[in-house]
Amino acid sequence: MMVLFIAGCNWKYDDRTALEKIRDRGVLRVGTLNNQLSYYIGPNGPTGLDYELATQFAQSLGVKLEMQPAYTLSGLFPALERSDVDIIAASLTITEDRLEHFRPGPAYYYVSQQLVYKNGHWRPRNLTELNKDGARVAVVEDSSHALTLNGIQRQYPDLVWESVKDTDDDELLKQVADGLLDFTIADSVDIALVQRTHPEITVAMELTEDEPVAWFMKKAQDDSVYALMIEFFGKKAQSGQLAAMEEKYFGHVDSFDFVDTRAFLRAIDNRLPKWEPLFKKYTNEFDWRLLAALSYQESHWNPRAVSPTGVRGMMMLTLPTAKSVGVKNRLDPEQSIRGGAAYLSQMLRRVPESVNEHEKIWFALASYNIGFGHMMDARRLTKAQGGNPDSWADVKQRLPLLAKRQYYKQTRYGYARGYEALSYVENIRRYYQSIVGYEQEKAQAIQADLTENLDDLQTITVEAPTETGGEAVLTETEAVETPKADVAEKKETDAADKRESNNGN
């Protein structure tokens, strides 16, 4: 019996390094959170900041990527402790508790913790008012926000708050928006993104200074994977790729307009369904949601919109532009959408090849607004000032300079309202994100009814893309917020319709 027992034991010592185990397995297993910042299934497949970084890190190791998305925080660190995943990549902040038990990678961006409430609800003037009139405060259990409240409670012992296990920050934010919860705490970037679909969420106060966000690994003497992670993030930061990815996923959410966002969400419900088939029909190489966002920025989806400068229709085409893309009647919504898509394609093809694929669309949209020549002037100004002319983050800072004499007199094409072009592009990005987020919420609601998750974890194996950065922005999850389009939504007279047709517009 003893011989059989010994023979049945797994007595062989595994002396492989963590890196060797991953490479022998051929897969990097990454735990993440299923949300619009870290990872989710978008219109063109998996996307998200942490997903894109993890994809590129797996490529650098020469292995495939296996994402294991959790819907709540409670499932992540236990999976890491059990060695079910190799890394957690979920845009989580470094806290004292996490430092004690896990090993963080390099910080790749920073967030602050903010207390939020519902617009229209009373706003607490200080922390002593959080429980005023029986108000409820809740945060996710074992989160950095729970640690913050623990610290606050030491100073304010009468503070009462709830720690909720089977939920996530987004769900609590939505409860605040729906009036089911008075206050919660979330990270600044998460709040800005969720506001695109729940504009009722309002920031009451900042609770912390900026805190570092990082990936996490198990604590071990083996540095084989950790050392490569340090090198990976160092190269990304030095090359500017990390800054470009941050710009891609949340560089457009700095400003927020409650009234405009709420009006846009109503328009998604009431107006978009009528025009969605046309946007899908003429989408060309674009995500149809991007085309819809562009159209809303131009006309608020009003096919008879006109402006004092003579542009008109769903895509607000000028007469020369309409003729160049074969549009005879700008007031015909189908012709206008087809023409606008064709013109945007023209602008996209003219963007220099040196621009990263996923950023070309922003340069194309700026060209759609102020003209290709002025966009190139902004790139030249950027280079002259020591910036990167291929980086949208750098170029967008110089666009407003095209309206200042000391700068535009140095350009080839002269004065341009570059500040409007900047708002134009960033607004479209925010609108786009609102549409994607709106659809994502609907899909998640359906999935919640149909899918049962085991231990809150799913396993999704994805093939790494052959190019870093993915497709042109058309595959991004970004979206955008937008100032109101400078358009008059009024009906034209029959004479104007006839004049439009007779002029061959």
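All values reported here derive from a predicted model rather than from experimental measurement.

Thoughts on the sheet that holds strand β12 (residues 201-206)
Strands belonging to one sheet form pairs held by backbone hydrogen bonds; the direction of such a pair is parallel or antiparallel. The sheet built from three strands is open, its strands ordered β11-β8-β12 with antiparallel pairing. Of all the strands in the sheet, the pair left with one neighbour each is β11 (184-187) and β12. Sheet twist, expressed as the mean angle between neighbouring strand axes with direction ignored, is 45°. Each of β8 (113-118) and β11 is contacted by helix α6 (residues 144-155), which is oriented at about 125° to β11, the strand it contacts most.

Notes on the packing of helix α15 (residues 333-350) against helix α16 (residues 360-370)
At a closest axis distance of 8 Å, the pairing of α15 and α16 adopts a crossing angle of 120°. Once α15 is placed against α16, the crossing between them reads as right-handed. Residues Gly 340, Tyr 343, Leu 344, Met 347 and Leu 348 of α15 form the contact with α16, whose participating residues are Lys 360, Ile 361, Ala 364, Leu 365, Ser 367 and Tyr 368.

Topic: the pattern of salt bridges
Evaluated as defined, the whole model comprises 22 salt bridges. For Arg 29, the salt bridge identified is with Asp 86, shortest N-O distance 3.0 Å. You can see Arg 29 sitting in strand β1 (residues 27-33) and its partner Asp 86 sitting in the loop between α4 (76-81) and β5 (87-93), a full 57 residues away along the chain. A residue is classified by how much of its surface remains accessible, and Asp 86, at 14% relative accessible area, is buried. With its nearest N and O atoms 2.3 Å apart, the salt bridge here joins Asp 390 to Arg 379. Residue Asp 390 is found in the loop between α17 (372-384) and α18 (392-398), and its partner Arg 379 is found in helix α17; the two are separated by eleven residues along the sequence. In this structure Asp 390 comes out as buried when scored by relative accessible area, which is 19%. Shared partners join several salt bridges into a network, and the residues in it are Glu 247, Lys 396, Glu 426 and Arg 429.

Observations regarding the nonpolar core
In terms of nonpolar packing, the biggest core is built from 60 residues, with Phe 279, Leu 294 and Trp 301 touching the most fellow members. If we ignore the near neighbours within four places in the chain, the residues touching Leu 294 are Met 315, Leu 344, Leu 365, Tyr 368, Tyr 424 and Ile 428. Ala 54, Met 245, Phe 250 and Val 253 belong to the second-largest nonpolar core, a separate cluster that totals 37 residues.

As for the UniProt feature "active site" (unreviewed entry) in the protein chain
As annotated in UniProt, the feature "active site" (unreviewed entry) corresponds to Glu 298 in the numbering used here. For Glu 298, the position within the fold is in helix α13 (residues 288-299).

Quick look at a negative patch on the surface
Together, Glu 96, Asp 97, Glu 100 and Asp 142 line one region of the surface with negative charge. Within the secondary structure layout, Glu 100 lies in helix α5 (residues 96-101).

A closer look at helix α9 (residues 224-239)
Its 16 residues give α9 an end-to-end C-alpha distance of 23 Å, which sits within 8% of 22 Å, the value for a rise of 1.5 Å per residue. Buried within α9 we find Ser 224, Val 225, Tyr 226, Met 229, Phe 232, Phe 233 and Lys 236. Close packing links the buried residues of α9 with α2 (18-25), α3 (49-61), β5, β6 (102-104), β13 (211-218) and α10 (241-250). Phi turns positive, to about 90°, at Gly 240, one or two residues after α9.

Here's the deal with the confidence of the model for the protein chain
Confidence in the prediction of the protein chain, expressed as mean pLDDT, is 85, and 85% of residues score 70 or more. When the criterion is pLDDT under 50, residues 1-8 qualifies, and its contacts beyond four places in sequence or with other chains add up to one contact. Low pLDDT (under 50) marks residues 451-455, which in the prediction has three contacts with non-local residues, meaning those over four places away or in another chain.

Reading guide: rules and limits
Residues numbered from 1 in each chain as written. Predicted model: local features only at pLDDT ≥ 70, side-chain atom pairs only at ≥ 80, totals over all residues. Heavy atoms only, no water. Pairing = 2+ DSSP bridges. Helix = DSSP H or I, 4+ residues; strand = E, 2+ residues; numbered from the N terminus. Axes fitted to C-alpha atoms, helices over the stretch in contact; angles between N-to-C directions. Contact = heavy atoms within 4.5 Å. Left-handed = near helix turned anticlockwise from the far one by under 90°. Salt bridge = Lys/Arg side-chain N within 4 Å of Asp/Glu carboxyl O. Buried < 20%, exposed > 50% of the residue type's maximum accessible area, 1.4 Å probe, protein only. Core = buried A, V, L, I, M, F, W, Y, C linked by side-chain atoms within 4.5 Å. UniProt positions renumbered as here; feature names shortened; annotations may be inferred. Patch = residues over 30% accessible without salt bridge, like charges linked within 9 Å, V, L, I, M, F, W, Y side chains within 5 Å. Areas by Shrake-Rupley, 256 points an atom, 1.4 Å probe, with all protein chains shown as cover. Lys, Arg positive; Asp, Glu negative; His and termini not counted. Charge placed at Lys NZ, Arg CZ, Asp CG, Glu CD. Expected span 1.5 Å × (residues − 1). pLDDT = per-residue confidence, 0-100.

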